[in-house]
Amino acid sequence: MKLSGWGCYPIIECAAHLFEKRSTAAALLSAGDDWIAYGQGKSYGDSALAPHVLLTQEYNKLIDFDAQTGVVTCECGITLAELIDLFLPRGWFLKVTPGTKLISVGGAIASDVHGKNHHAEGCFSESVISLRLMLPDGTIASCSREENVPLFRATCGGMGLTGVILDATLQLKAVNSAYIRENIIPCANLDEVFVQYDRCSHYPYSVAWIDCLAGGSSLGRSILMVGDHDDDGELTLPEAKRLSVPVTCPSFLLNNYTLSMFNQIYYRVKGKPAQRQRVPLETFFYPLDKIDHWNRMYGKAGFVQYQCVLPMATSYKGMKALLQQISAAGMGSFLAVIKLFGPQNENFLSFPMEGYTLALDFKIQPKLFGLLERLDRIVLEHDGRLYLTKDSRMSEAMFMQGYPRWREFQDLRTQYGMKKKFNSWQSKRIGL
Ligand SMILES: Cc1cc2nc3c(=O)[nH]c(=O)nc-3n(C[C@H](O)[C@H](O)[C@H](O)COP(=O)(O)OP(=O)(O)OC[C@H]3O[C@@H](n4cnc5c(N)ncnc54)[C@H](O)[C@@H]3O)c2cc1C
């Protein structure tokens, strides 16, 4: 069957196999090489694509839950949305959540995803107490910060290249509301974004939407949204309206949608002190989940998401250079997102490092790849790196320079015989 990630680029012919039982997964793995696990396919490029794909969506049972401590054990195919539906009404939420809840627990661990609170709570792996991994020979290893530590450090953020994460035990976070108290702060340019981020670093959650069309003295014009959980005892979410994009359609529709969303907020709050509001948690964390199949808005050719991180010392200069290139090329999505990251963790390939990250979409079109190479050079000149889970075109040299621990990762893969068994199109491209 033909498979792709969320960016619909590239589309690859893969032999895909579902499994519901561990024994089926082990039998499948024994039949050949070049396997990769595929969760909900929300990574953007080719990290979940390989000649043989193991679909985890039916391996999705809840195994255990302790209502006193908020510790849950579940199979890898369960989604974050399912965990929220089950546990938010009981006062538990995820410690770390990305901008979509429509992903699997296995995918969240393998990409070691981050949310709007990386500076406060780190990556998803910080909430992983332990996990069980199927190795190339079908045996199972328990991994944690105490047991099989190198395997744990390689698997969290390891993009499925160490084996199949079968199940995981996670620490949830106690909350007393399904709502977020949010402050909205308009920023006239990039300088203001950095000043406001500094002032607001005590908020656990923050994200800035940047208008990529603005140039000159308005370069980096943004809306910064910061917030924390409310404490009102209201644990039920209101019914959410859903929209859907039924067929692939022109990209200007998505740009118009995000443009009007940005302008509505920006001009409502511009020139006023920070605006406070109480919003359902879903509106704050998952605004794009309200539109089913929004990826179709980029048309049949698909799109790439470019996400980089730059260390604190070079963030401002580097972001400015990147935004100048993007606004001059006029090719990116209207909206980009900037987030603040805290210190990097000990995992071999986790993406975040202390500094700022920038993410935006680019429709596949002529001249795009030339622009992305220019952006790569700026990222490297500023000691940054690109996010593997968003990537579909990074070069081997770019990967190796950005992820200096790749050698330790590869040594571990050699030691466990993973190099033949677990590969993706991405891993081959970047030399793993
Ligand atoms: C709208 C949107 C917003 C997003 N926002 C963010 C964000 O804010 N922060 C962020 O960090 N990411 C974000 N992402 C990216 C997304 O969170 C990650 O790509 C995530 O890994 C997708 O999970 P999945 O279940 O879809 O995994 P897939 O896309 O299917 O796979 C992703 C990787 O995980 C591996 N994998 C999956 N399951 C397993 C398993 N059981 N065992 C071993 N390996 C496995 C795959 O092999 C692959 O390498 C966003 C994506 C979208 C579409």
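What you see is a predicted model, and the numbers here were worked out from it, not measured in a lab. (Residues numbered from 1 in each chain as written. Predicted model: local features only at pLDDT ≥ 70, side-chain atom pairs only at ≥ 80, totals over all residues. Heavy atoms only, no water.)

On to unusual backbone geometry. Cis geometry marks the peptide bond from Y9 to P10, where omega comes out at -5 degrees. Inspection of the secondary structure assignment puts P10 in the loop between β1 (2–3) and β2 (12–13). Although it is not a glycine, C8 adopts a positive phi angle of roughly 55 degrees. Considering the arrangement of structural elements, one finds C8 in the loop between β1 and β2. Relative accessible area serves as the criterion here: at 22%, C8 is assigned to the partly exposed category. Residues other than glycine seldom take positive phi values, yet D383 does so here, at roughly 60 degrees. Position of D383 relative to the elements: it lies in the loop between α10 (368–381) and β22 (385–386). A relative accessible area of 52% means that D383 is categorised as exposed. (Helix = DSSP H or I, 4+ residues; strand = E, 2+ residues; numbered from the N terminus. Buried < 20%, exposed > 50% of the residue type's maximum accessible area, 1.4 Å probe, protein only.)

L131, L358 and F362 are the most contacted members of the largest nonpolar core, which has 123 residues in total. With six residues, the single largest contributor to this core is α10. Non-local contacts of L358, meaning those with residues more than four positions away in its chain, are made with Y306, Q307, C308, M319, L322, L323, I326, A336, V337 and I338. (Core = buried A, V, L, I, M, F, W, Y, C linked by side-chain atoms within 4.5 Å. Contact = heavy atoms within 4.5 Å.)

With that settled, consider the site of the ligand. As a matter of local geometry, the ligand sits amid 35 residues, with A37, G39, S43, S104 and Y387 nearest to it. In this structure, G107 approaches the ligand through a main-chain N or O atom, which is 2.9 Å from an oxygen atom. Between an oxygen atom of the ligand and a side-chain N or O atom of S111, the distance comes to 2.7 Å. Protein burial of the ligand: of its 960 Å² of free accessible surface, 97% is covered by the chains. Among the elements of the structure, β4 (35–38), α3 (105–110) and β11 (164–171) are those that each provide at least two residues to the shell around the ligand. By residue class, the composition of the shell around the ligand is 16 nonpolar, 16 polar and three charged. (Near = heavy atom within 4 Å. Polar contact = N/O pair within 3.5 Å; in protein donor to acceptor, adjacent residues only side chain to side chain. Areas by Shrake-Rupley, 256 points an atom, 1.4 Å probe, with all protein chains shown as cover. Nonpolar A, V, L, I, M, F, W, Y, C, P; charged D, E, K, R; others polar.)

Its location among the elements puts I184 in strand β13 (residues 179–187). Classification of I184 as buried rests on a relative accessible area of 2%. Linking I184 and Y266, residues 82 residues apart in sequence, is a C-alpha distance of 9.1 Å.

What follows concerns the pattern of salt bridges. Within this structure, the stated rule accounts for 17 salt bridges. The residue R429 makes a salt bridge to D391 at a minimum N-O spacing of 3.1 Å. Placement of the pair is R429 in helix α14 (residues 425–429) and D391 in the loop between β22 and α11 (396–402), with a sequence separation of 38 residues. By relative accessible area, R429 is classed as partly exposed at 24%. The exposure class of D391 is buried, given its relative accessible area of 5%. One salt-bridge network, in which partners are shared between bridges, spans R181, D230, D232 and R278. (Salt bridge = Lys/Arg side-chain N within 4 Å of Asp/Glu carboxyl O.)

Spatially, the five strands line up as an open sheet ordered β6-β7-β11-β9-β10, and their pairing is antiparallel. Taken across any chain shown, the strands that pair with only one partner, and hence form the sheet edges, are β6 (62–66) and β10 (140–144). The mean angle between the axes of side-by-side strands here comes to 10 degrees, regardless of whether they run parallel or antiparallel. Here five bridges tie strand β9 (residues 128–134) to β10, and the two strands are oriented antiparallel to one another. (Pairing = 2+ DSSP bridges. Axes fitted to C-alpha atoms, helices over the stretch in contact; angles between N-to-C directions.)

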